[in-house]
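The chain contents come next:
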Amino acid sequence: MATASTERIVGLNEYFTASEARVDRWRTLNRIAKARAVTGLYRAGGAAHEPKELLAELEPLEELYGYPGPRLMAQVRDRLQAGDWTGFARLVQRISTALLSNGYRDDVEAWRSDEEDEARGLDILPPSIGRGQARRPYFEVLYVSPADRGMWPEIRETFRWLRRPEDEFAYEPVVVGSFEDAALAVVFNYNLQAVVISDGFPFPSHRTVAILREILTRQVQISENARTDDLGTLLARMVRRWRPELDVYLTTDRDAAELAGSVESASIRRIFYGVEEPMEIHLAILEGVKERYETPYFDNLKRYAQRPIGTFHALPIARGKSIFKSNWIRDMGEFYGANLFLAESSATTGGLDSLLEPTGNIKVAQDKAARALGGDRSFFVTNGTSTSNKIVHQALLEPGDIVLIDRDCHKSHHYGLVLAGAQPLYIDAFPLTQYSMYGSLAIKPIKQALLRLKAEGKLDRAKLVVLTNCTFDGHVANVKRTMLECLAIKPDLIFLWDEAWFGFARFSPFLRRRTAMGAAAAIRELMHDPEYRKRYQDLERRVGTLDPGDPRLLDTELLPDPDKVRVRVYETDSVHKSMSSLRQGSIIVVADQDFHTVEASFKEAFFTHTSTSPNLQIIASLDVARRQMELEGYELVGRAIELAIEARGQINTHPLISKYFRIATPAEMIPEEYRKSGFTDWGAPGWTMTGTMAALDDDEFYLDPTRLTLLCGAAGYDGTQFKALLASEYDIQINKTSRNSVLVQININNTRSDLAHLIKALADMSRTIETRLAEGGEPARAAFRARVKALVEDVPDLPDFQRFHDAFRDDPKSATQEGHMREAYYKAYDAANCEHLKLNSQEIDERLSKGPELVSAKFVIPYPPGFPIMVPGQVVTKEIIAFMRKLDVKEIHGYNAAKGLELLKADALRQPARS
Ligand SMILES: Cc1ncc(COP(=O)(O)O)c(C=O)c1O
């Protein structure tokens, strides 16, 4: 895409676009080299200055990558020095193209410098590429060596010569000689799958890259001061913290057996005694990658599809004969291909395993997924996170339990509570009234609810906290702090984090800390940290035993007692929303140290909600999505984040587009009180990487950069209108809308071309608006201004939950708002208990002022915004009615405009419930 920004050379300190910056430099070098080769400009004195500078900037970075590698880099340098512009241009072009397309992973040509190499044969190439075998996945291995630089070529060659034709994968070694260089390679080189550390290397790099030092210091909490004698195990820990999926090996002269048994070696996959055979290391590396590559369920399904199996059970489409022989539906077979049907079965034998009672490859696939996502165990779900959520609710809750829950959460939670019979204590998220959407649930109101429950002696009934992370619009919670503060009040509280949109975040070292599993692991670690214990004891001295009436508690960052805490965390991910799984592929990931106490009820809940005919292809795709994320999630997620940040910058700085459209910045999406770090936007003036890290670590909310709230009100479009326009005129599909915005999501599937497509559409629309306003004269401009004002300024206030009707509360005088929603829900099953009132009728206004109170019989969920503005048993306030009257959306679940609002009659409220 030839946009302004791709031509711009991005500074390496703009870390989020660093890999793009590298490719940009090669592209620029290519352009200049070509021009010089054609014009012969090199003869002019000093003209070679620019390529030299670019190359000088690239060289330290290139040392961290396998391709183009030292041999090709030396040739690039030589040709530049010799003034051989034609040869230089040819080589730079080859490298630049290979980097842009990742072609070097498959194409042997990328590794040659030119015809001379061809004449010399293949032995200078990575020997496993280009020998006519079927494609083998390519990766790189980092060797951290104390050896003198002069020895590095020999190390590389040693490992190259170990490659065998029967190896399943091809890899290229990358050698570095210091802790800092190793850490930088781990951060930047997404081709790495394994790190081999040889003891005895120094800490500092021979080059200084300040911004990268900043990342290391801040992020990995490793600075030069942290030097120890044991840099090997320190590096192993850093690697696993940044990229937990990588395999780390250590070769040492120390007592390998003793080291292997020590705590420090926990992050190391295998320890080798220094002089041992490199072949052992080579085989260990391949085995480690294979472990991630293997997809037990998918592999078995492929084998199953190839066998000549006769089926005498249900499912006529299995094997496809009813389709391929059909007179009328053969096109379905042609469209989907034979494998879909060959891989269909209703059997659970023959190695296909049973999702309901997995003991074979589904069990292994689930264990692998748990490892990949950082949990103790995981459960595949083939009916979306809607079902995952209901399973967790039903597994953990009993009638009478109190659940603290974000009212703005997905409807599966509300229905889950009805099924489980637990009482929701709804808490409202902070509003973003200007965009007609809610933000997320802040820590303070959750604490307040818990303290009130404590004051009324009901804390033991508070079982679960349900939170959405990230929200549809990208609000990412400070998961660790939220849990710590809640656990300080109730140490055995269970958390369900709905991460339907956020599964991918595990594979970003930036976002991982804000995932449920990332935070659960951090809390487990923290509870064993002596420093933490001291902090806890200091706090305990200051605030005592948490008297709920103590006004300081809400503004104090509370810490739980490390001796009492139980870490009980559940995460649900729509794998299909952010990873390569088929639709409805979802997963429940669990880090619950008391899981054994709920294992039986979890199984019951799983049986309740899981089909006895789960879709095999969805299960297989969950297995494959896990493989992809473990092997290339780091690269793909990093790219998606880069792309999203670039899109934000391009749209908001575009002189024409930004007159009518804008992407809401973190500062606009997150109120200041939740951004203590002062972070406002990526790339804002004065922005630094340290600032971003502070925001990620400490701010109460962070914005997921990949979720772009595109404000369209200033262009005179409401969200629904704009969504339709994008789809009909520009073939662009988006998902969520609000009154004056649409949500654009960037994921691992998006490319720069997609971004170009969107920007072109926005530019076209902006031009059309300009023309219309210019040609329509003052009447058109006045109408436009009025429309924009209505969309942007005259926005309705968002109605808070307020309360359940007294009939559904154990104690109407209680300061906590939990209620028997299930009773209200079942009351409405009897039509005699219900009445309908038209939304705009006078009767509604009279009832609001004189009573009896209006009580909703239903969940009423307008799309957008998509959260229930009424739940069964809720008192309908004048604010809710005002909001509904102003709402101009067509789709409102639970509301029939012709009949009116469905309410519970006053008589019905006096009768005892049946449920
Ligand atoms: C926050 C949240 N949770 C759960 C779900 C349901 O997920 P699924 O579509 O996988 O059933 C959604 C769907 O949009 C959601 O937004």
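Residues numbered from 1 in each chain as written. Predicted model: local features only at pLDDT ≥ 70, side-chain atom pairs only at ≥ 80, totals over all residues. Heavy atoms only, no water.

**Description of the sheet that holds strand E8 (residues 423-427)**
In spatial order, the strands read E6-E15-E14-E13-E11-E7-E8; together these seven strands make up an open sheet with mixed pairing. Edge positions in the sheet fall to strand E6 (377-381) and E8, since each of these pairs with one other strand and no more. Neighbour-to-neighbour, the strand axes of this sheet turn through a mean angle of 20°, independent of strand direction. Strand direction decides the pairing type here: strand E11 (residues 462-468) and strand E13 (residues 494-498), joined by five bridges, are parallel. Residue leucine 467 lies in a different strand from E13, and its bridge partner there is tryptophan 497. Strand contacts of helix H19 (residues 411-420): strand E7 (402-406), E8, E11 and E13, with the helix running at about 165° to E7, the strand carrying the most contacts. Along the sheet, helix H25 (residues 599-609) makes contact with E6, strand E14 (568-574) and strand E15 (586-592), crossing E6 at roughly 15°. (Pairing = 2+ DSSP bridges. Helix = DSSP H or I, 4+ residues; strand = E, 2+ residues; numbered from the N terminus. Axes fitted to C-alpha atoms, helices over the stretch in contact; angles between N-to-C directions. Contact = heavy atoms within 4.5 Å.)

**A word on H19**
Among the ten residues of H19, seven are classified as buried, and the element is accordingly described as predominantly covered. For H19, the complete set of buried residues consists of Ser412, His413, His414, Gly416, Leu417, Val418 and Ala420. Where the residues of H19 are buried, they touch helix H18 (384-396), E7, E8, E11, E13 and helix H32 (821-827). Phi turns positive, to about 80°, at glycine 421, one or two residues after H19. (Buried < 20%, exposed > 50% of the residue type's maximum accessible area, 1.4 Å probe, protein only.)

**Here we look at the pairing of strand E3 (residues 192-198)**
Among the seven residues of E3, six are classified as buried, and the element is accordingly described as predominantly covered. Where strand E1 (residues 138-144) and E3 come together, five bridges link them in parallel fashion. From the neighbouring strand, glutamate 140 faces E3, where its bridge partner is leucine 192. Pairing geometry for E3 and strand E4 (residues 247-252), over five bridges, is parallel. Considered in E4, the bridge of serine 198 is made with threonine 251.

**Describing the nonpolar core**
In this structure, Leu142 and Tyr570 are the most contacted members of the largest nonpolar core, which totals 201 residues. When residues in this core are grouped by element, the largest group, eleven residues, is from helix H26 (residues 616-653). Core analysis: the second largest hydrophobic core is formed by 33 residues, Ile663, Ile746, Leu755 and Leu773 among them. (Core = buried A, V, L, I, M, F, W, Y, C linked by side-chain atoms within 4.5 Å.)

**Points about the packing of aromatic side chains**
Any aromatic ring pair is given by two values, namely how distant the centres are and how the planes are angled relative to each other. Tallied over the entire structure, the rule returns 37 aromatic pairs. With a centroid separation of 5.4 Å and an interplanar angle of 90°, the aromatic rings of tryptophan 85 and phenylalanine 88 are classed as edge-to-face. Remark: phenylalanine 88 and tryptophan 85 occur in helix H5 (residues 85-101); sequence separation between them is three residues, near one turn of the helix. One exposure class covers both tryptophan 85 and phenylalanine 88, and it is buried. Judged by centre distance (5.7 Å) and plane angle (85°), the ring pair of phenylalanine 502 and phenylalanine 504 falls under edge-to-face. Here the aromatic residues Tyr415, Tyr825, Tyr826, Tyr829 and Phe859 are joined through ring pairs into a cluster of three or more. (Phe/Tyr/Trp six-rings, centres within 6.5 Å; stacked < 30°, edge-to-face > 60°.)

**Re the environment of cysteine 409**
Mapped onto the elements, cysteine 409 comes out in the loop between E7 and H19. Overall, cysteine 409 belongs to the buried group, its relative accessible area being 1%. Excluding its chain neighbours within four sequence positions, the residues that come into contact with cysteine 409 are His414, Thr468 and Pro868.

**Details of the site of the ligand**
The ligand sits among Gly384, Thr385, Ser386, Asn389, His410, Thr468, Asp498, Ala500, Trp501, Ser574, His576 and Lys577. Here an oxygen atom of the ligand sits 2.8 Å away from a polar atom, N or O, in the main chain of threonine 385. At 2.6 Å, a side-chain N or O of serine 386 approaches an oxygen atom of the ligand. Those elements giving two or more residues to the shell around the ligand turn out to be H18 and helix H24 (575-578). Among the elements that make up the shell around the ligand, the one with the highest residue count is H18 (four residues). (Near = heavy atom within 4 Å. Polar contact = N/O pair within 3.5 Å; in protein donor to acceptor, adjacent residues only side chain to side chain.)

**Thoughts on a nonpolar patch on the surface**
On the surface, a nonpolar cluster with roughly 640 Å² of combined accessible area is contributed by Trp328, Ile329, Met332, Phe335 and Tyr336. For tryptophan 328, the position within the fold is in the loop between helix H14 (321-324) and helix H15 (330-336). Tryptophan 328 gets classed as exposed once you look at its relative accessible area, which sits at 73%. (Patch = residues over 30% accessible without salt bridge, like charges linked within 9 Å, V, L, I, M, F, W, Y side chains within 5 Å. Areas by Shrake-Rupley, 256 points an atom, 1.4 Å probe, with all protein chains shown as cover. Salt bridge = Lys/Arg side-chain N within 4 Å of Asp/Glu carboxyl O.)

**Regarding the pattern of salt bridges**
Taken as a whole, this structure holds 62 salt bridges when the rule is applied. Note that arginine 371 is salt-bridged to glutamate 291, the shortest N-O span being 3.6 Å. Placement of arginine 371 in helix H17 (residues 361-373) and of glutamate 291 in helix H12 (residues 278-293) is noted, with a sequence separation of 80 residues between them. We classify glutamate 291 as partly exposed; its relative accessible area is 33%. Residue glutamate 835 is joined to arginine 847 by a salt bridge in which the shortest nitrogen-to-oxygen separation is 3.2 Å. Of this pair, glutamate 835 sits in strand E20 (residues 834-837) while arginine 847 is found in helix H33 (residues 842-850), placing the two residues twelve residues apart along the sequence. Residues glutamate 835 and arginine 847 agree in their burial class; the two are buried. One network of salt bridges, in which partners are shared, links Asp247, Arg269, Glu287, Glu291, Arg292, Arg371, Asp623, Arg626 and Glu630.

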